[in-house]
Amino acid sequence: MNYDCLIIGGGISGLTCGIRCQSAGLSTAILSAGMSALHFSSGSIDLIGYDRARRIVHSPFEYLKEFTGAMPDHPYAHCGVDTVREALVFLRDTLKAEELEIYDNGERNHFHVTGMGTLKPTYFSQRSVFNDSIRQAFERRAKIAVLNFEGYRDFYPELAISNLLKNELFKNVEIVTGRLVFPDYGDPEKNPFEYRSIDIARIFDTIQYLDEIAEQIKREAGDAEFVAMPAFIGINNYKKHHQILQMLTGKLIYEIPTLPPSILGMRLDDALKSRFADLGGVLIAGDKVMGGDFLDGVLDHVHTQNYGTTRLRARAFVLSTGSFFSGGLVSDSGGMREPVLNLRMSATSPRNTWYSPQFLDRKGHPFFEFGVETTGKLNPFDAEGKVIENMFCTGAILAHYNPIGEGSGGGVAVSTGYYAANQIIKACGK
Amino acid sequence: MIDLENISFDHCIKCTVCTIYCPVARVTHHFPGPKQCGPDTERLRIKNPELLDDSLRYCTNCKRCEIACPSNVKIADIIQSSKWKYFKKKFRIRDYFLSHTDLIGNTAVKYSGIMNFFTALSPVKFFLDQVLLIPSKRIFPKYARGTFRKWFKKFARKKQSAFGTHVVYFHGCFVNYNEHGLGKDLVSVMNAMNIGVTIPRERCCGVPLIANGYIEKARKNARFNINALRKTIEDPGTRIVTTSSSCAFALKYEYANLLEMDNSSIFNNLNYITRYIYDQFQAGNVPPMKPVTIRAAYHSPCHLERMGGVIYTIDVLRRVPGLDLQILHSECCGIAGTYGFKKEYYDVSQKVGSALFKRIEKARPDFVITDCETCKWQIEMSTPYKVLHPVSILARAFEK
């Protein structure tokens, strides 16, 4: 197999890179081992939410100018602020082509609510999480109804509300709760307390139930103008059904991201994969890269579990396999390494300093900032320290940034994927 | 004692991603999904087999959960092996009939005219539906007259010695009892590439036996096939091919992972046919092709997806001049071997496939192309289109 560009990793970074390369006319393949972190995500794209003192950032682009100056090794510094901006526009246009509209707050961050009822600054959100009407309703402190679906175990409205009310921004806002009951799910013997977000999303995806659900929303929400519920208003028909529900109820319907599987994240995953396939890209799912071989100083091919002796060749390779959770990086008692090609890692400290004593530390853990070391062009170094010119690392595998502490995971993934694609397109003479 | 090697369910982080991509959970709430039926409840069954839940039977073993899993849990294998470990063995004539393809096939080909005539009669269909619980709406594949092996011995075998290189062809039950045409196409394609064909001694690969719980019989067949195939590859360069993606999947993966048999002696030599043809093409062995000017929609079977074989089929087909190929979104057709032949699962099976059928009808092709015989039956029954095998497309292109 022979491609212009072979991307290892099918998450948001790999997909952004793949779509950009394929749309520039490069033959592109993406290899993925299992579904990506989008299924665990909020479905909003964070750019940079917290500054180095962990205060909330309101104008991310303004802040990035000073931030990248002070942090020359940060992935944003490698990309440059202009490329970051271009990458986000590219992502928005790509999603729009798949009829998934993304909203922002001018050049400013906005907040999304978490399942715990805390607020997180973010940059791009789906229509049911941020738009102008939502902002206005919030500014006039409209009454909110937080509704849950009976039998859904992954969201507790009372907990979310008690946390929200602690927040200065929700002072004097009236919040009530209510519940929706599924009218008819065939077999009454089915235990209703087994619902996961995906089961309920499928109910919302089916048009026949919408009238009844709308009636229940109206009844439960009473005179609240704002209805918040866990994110399960459909996947395939989300856009249409969200609009229908708002029309039928006359209320603003807001989605709160849930525990996995994240319906908001899946909408992004579906849209990006569909775009990549429509452009003619090849997605090889369920396979794992085992290693690769070099020829004349550049990476010549990789081999995988399923393809055995068949070599997957490309002019350029992108490694966007993520961090420890997805296996892009591995650790053992001796240290950390990148398992595919044993690329050089950033300097790592002794094991007992990898993590902070608190699991949910606001600053994140020190190991978040460990990763693969690259040049300013995102080229990694091989085990001997030589630059691999036809290879690029993007997304969570990169060192020198803290996706949790900075609130920058999505933005770095998209920007570095896009930046790598630009260089590959140029190198291939397109 | 818990088998310590069988604890891959402990890698499950409960993310439920598998359930999203399960084609059965999508269409029926009777199936709580691979996560719950596999890793969640396996730990309970290990402690007490009485905690077995009947909903496990809805799993079609399509393996899409394993492709989706970010934590490398062998979800479908867990469900499949639990089915035969814990369900009480009950003799069912229907399941015996559906799974013993060699026995039934050998008899049927002797009386194929009568068989095909009778299985299409409505009173017979009514009987099958009411008594054997084989849905009357299901159309049976036609039996051929005689076996492919007989045809091969009589008409093809002699000519094969004229070639310097040989490939071992595991033809499988479908070619032997139903569709000689595909076997003949394989021989002509190989010969056109200057490769001779030999056929090994073989028995049913075991896919339908595994699905219906005849595990000892499946192991027996596996042992037979491994031994017979090993003898054919004493010259280490020799390759074994199949034209059925599910046969290849069973011989390579189900034998080792589910039946716990050692198939390492044949593993590297054995592939689904398009991988072999791809390698030949790469090495420069590309006979002249004439245009095959048809519009085709390609459907990728679940088991070929799991093996990673789809890109070879697509690559090989893309080299055929004139072929206007549309790749359909990867989806399960729903038949899952013998699953769709059972009355209790017929509706689920058709519902699973409905998304694919709609896509095919939207594509309006001249033909559908797929690698798997049961996908072919399902698509031919549920859409107005005829289904061709990639090898048959090549046979047309190589025709002199």
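Numbers given for residues are sequential positions, taken from 1 along each chain in its written order. Naming scheme: in the order in which they are written, chains are lettered from A and ligands are numbered from 1. Two thresholds apply to this predicted model, a pLDDT of at least 70 for residue-level local features and 80 or more for giving and counting side-chain atom pairs, whereas whole-chain, interface and lining totals are computed over all residues. Excluding hydrogens and water, the side-chain values take into account all heavy atoms of the structure.

Draft legend 1. A look at the packing of helix α4 (residues 81-97) of chain A against helix α10 (residues 263-278) of chain A. Residues and elements named next belong to chain A. Here the axes come from fitting lines to C-alpha atoms, over the contacting stretch only for helices, and the angles between their N-to-C directions go from 0 to 180 degrees. Here a helix means four or more residues in a row that DSSP labels H or I, a strand means two or more in a row labelled E, and each is numbered from the N terminus. Packing of α4 against α10 leaves a shortest axis separation of 9 Å and a crossing angle of 85 degrees. With respect to α10, the axis of α4 lies roughly perpendicular. Across the interface between the two elements, Leu91, Thr94, Leu95 and Ala97 from α4 touch Leu268, Ala271, Leu272 and Arg275 from α10. Note on residue categories: nonpolar means Ala, Val, Leu, Ile, Met, Phe, Trp, Tyr, Cys or Pro, charged means Asp, Glu, Lys or Arg, and polar means any other residue, Gly included. Its residues assigned to classes, the contact of α4 with α10 comprises six nonpolar, one polar and one charged. The labels follow the angle: roughly parallel below 35 degrees, roughly antiparallel above 145, roughly perpendicular from 65 to 115, and oblique for the rest. Two residues qualify as a contact provided that any one of their heavy atoms is within 4.5 Å of a heavy atom in the partner residue.

Draft legend 2. Up close: the interface of chain A and chain B. Every contact between the two is made by 28 residues of chain A and, on the other side, 27 residues of chain B. When the two sides are added together, the surface that chain A and chain B hide from each other amounts to roughly 2400 Å², 56% of it contributed by carbon and sulfur. Using a 1.4 Å probe, buried area is obtained as the accessible area two parts lose upon being combined, added over both of them. By the criterion of area lost to chain B, the three top residues of chain A are Met1(A), Met35(A) and Arg202(A), representing 26% of everything that side buries. For this analysis, a salt bridge means a side-chain nitrogen from Lys or Arg found within 4 Å of a carboxyl oxygen belonging to Asp or Glu. The tally of links between chain A and chain B comes to zero salt bridges. Residues adjacent in sequence count toward polar contacts only when both atoms are side-chain atoms; beyond that, a polar contact is any pair of N or O atoms within 3.5 Å, and within protein one must be able to donate a hydrogen and the other to accept it. Counting the contacts that link chain A with chain B gives eight residue pairs in polar contact (both at pLDDT 80 or more). If one sorts the elements of the side of chain A that touches chain B by residue count, strand β11 (residues 282-285) of chain A sits on top with three residues. Of the residues belonging to the side of chain A that touches chain B, the class tally is 15 nonpolar, seven polar and six charged.

Draft legend 3. Fine view of the pattern of salt bridges. Throughout the structure, instances matching the rule amount to 38 salt bridges over all chains. Here Glu255(A) ties to Arg267(A) by a salt bridge, and the two come within 2.9 Å at their closest N and O atoms. Placement of Glu255(A) in strand β10 (residues 252-256) and of Arg267(A) in helix α10 is noted, with a sequence separation of twelve residues between them. Accessibility here uses a 1.4 Å probe with only protein chains present; expressed as a share of the type maximum, an area under 20% marks a residue as buried, one over 50% as exposed, and anything in between as partly exposed. Residue class for Glu255(A) comes out buried when judged on its relative accessible area of 0%. According to the relative accessible area criterion, Arg267(A) is buried, its value standing at 3%. Through salt bridges that share partners, Arg92(B), Arg94(B), Asp95(B) and Glu344(B) make up one connected network.

Draft legend 4. Just the sheet that holds strand β9 (residues 226-230) of chain A, in detail. All names here are of chain A. Strand pairing is assigned whenever DSSP detects at least two bridges linking the two strands. Judged by pairing direction, the sheet is parallel, and its four strands sit side by side in the order β8-β7-β9-β10 without closing on themselves. Here the strands that pair on one side only, and so sit at the sheet edges, are β8 (175-180) and β10. Each strand axis lies, on average, 30 degrees off the axis of its neighbour in the sheet, ignoring direction. Summarising the sheet, strand β7 (residues 144-149) and β8 pair through six bridges and their orientation is parallel. Among the inter-strand pairings, Ile144 is bridged to a residue of β8, identified as Ile175. Along the sheet, helix α8 (residues 210-221) makes contact with β7, β8, β9 and β10, crossing β8 at roughly 150 degrees.

Draft legend 5. Examining the packing of aromatic side chains more closely. Centres within 6.5 Å make a pair out of two Phe, Tyr or Trp rings, where for Trp the six-membered ring is used; the pair is then stacked when the planes are under 30 degrees apart, edge-to-face when over 60, and tilted otherwise. Applying the stated criterion to the full structure yields 33 aromatic pairs over all chains. Summarising the aromatic geometry, the rings of Tyr123(A) and Phe124(A) are spaced 5.2 Å apart at their centres and angled 45 degrees between planes, so their arrangement reads as tilted. The pair formed by Tyr123(A) and Phe124(A) is uniform in burial state, with each residue classed as buried. Their ring planes at 85 degrees and their centres at 6.0 Å tell us that Phe341(B) and Trp377(B) sit as a pair that is edge-to-face. Of this pair, Phe341(B) sits in the loop between β6 (324-327) and α20 (343-363) while Trp377(B) sits in helix α21 (residues 373-382); the two residues are 36 residues apart in sequence, bridging distant segments of the chain. Summarising the burial analysis for this pair, Phe341(B) and Trp377(B) share the class buried. By the ring-pair criterion, three or more aromatic residues cluster together here, those being Phe149(A), Tyr152(A), Phe182(A), Tyr195(A), Phe204(A), Tyr209(A) and Phe232(A). Residue placement shows Arg267(A) over the ring face of Tyr238(A); its charged tip is 3.5 Å from the ring centre. Note on criteria: charge over ring means Lys NZ or Arg CZ within 6 Å of the ring centre, with the direction from the centre no more than 35 degrees off the ring normal.

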